[in-house]
Amino acid sequence: MFKRSTPILASLDEAKTIDFYTEKLGFTFSDSHNGYLIFTRDGINVHLFPCDDKEACRNMGCYIYVTDIEQLYEEYQQLGLIHPNGPLRMMPWGLRQFAVVDNNGNIFYFADYKE
């Protein structure tokens, strides 16, 4: 039944968010509708809505399941994006994952994808 999910997170600053997602996270900027931002990478979409509440952003996040997690981890590690408490590791629930926090405070967990 379900095929795909698109996280909708908060953006505190449109220009800074576009820069971060394209220059750091490697997403392609697709569109903006009055500050509602759409990004894509490898078939994954991430949407961000305009927000002026920093605390709201700190309570938002998502999982993105990936292949080649070591390669992505290395890419983001070289850019200094890995959260201090989120290095690549095996979690008790059986996923290998790591964490990145974007420029707005949203947390991303990147995890091994197993079909």
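Everything here concerns the structure above.
Predicted, not measured: the structure shown is a model, and the values here were computed from it.

Novice: Tell me what's going on with helix α3 (residues 69–78), and back it up with residues and numbers.
Specialist: Of the positions making up α3, those classed as buried are I69, L72, Y73 and Y76. Angularly, the buried residues of α3 cover 100° about the axis, an arc narrow enough to put them on a single face. In α3, those exposed residues whose orientation departs by more than 90 degrees from the buried face are Q71 and Q78. Check the buried side of α3 and you find it contacts α1 (14–24), β3 (36–41), β5 (61–66), β7 (96–101) and β8 (107–112). Of the residues trailing α3, G80 is marked for its positive phi of about 70°.

Novice: So what's going on with α1? Residues and values would help.
Specialist: Three or more residues of α1 are buried, namely T17, I18, F20 and Y21. Projection of α1 onto a plane perpendicular to its axis shows the buried side chains occupying an angular sector of 165°, all on one side. Opposite its buried face, α1 presents the exposed residues K16 and E23, each directed more than 90 degrees away. Packing partners of the buried residues in α1 comprise β1 (8–11), β2 (28–33), β3, β4 (44–50), β7 and β8. For α1, the N-terminal cap is D13; the gap from its side-chain oxygen to the backbone nitrogen of A15 is 3.2 Å. Remark: G26 follows α1 within two positions and exhibits a positive phi of approximately 80°.

The rules we used
- Per chain, residues are indexed from 1 in the order of the written sequence.
- In keeping with the predicted nature of the model, local features appear solely for residues at pLDDT of at least 70, side-chain atom pairs appear and are counted solely at 80 or more, and the whole-chain, interface and lining totals rest on all residues.
- Excluding hydrogens and water, the side-chain values take into account all heavy atoms of the structure.
- Relative accessibility decides the category of a residue: with a 1.4 Å probe and only protein chains considered, values under 20% of the type maximum give buried, values over 50% give exposed, and everything between is partly exposed.
- Each helix is a run of H or I in the DSSP string that is no shorter than four residues. Each strand is a run of E no shorter than two, and both are numbered from the N terminus.
- The directions considered for the arc run from the helix axis to the C-beta atoms.
- Note on contacts: a residue pair qualifies if any of its non-hydrogen atoms lie within 4.5 Å across the two residues.
- Polar contacts, as used here, are pairs of N or O atoms within 3.5 Å; protein pairs need one atom able to donate a hydrogen and one able to accept it. Residues neighboring in sequence count only if both atoms are side-chain atoms.

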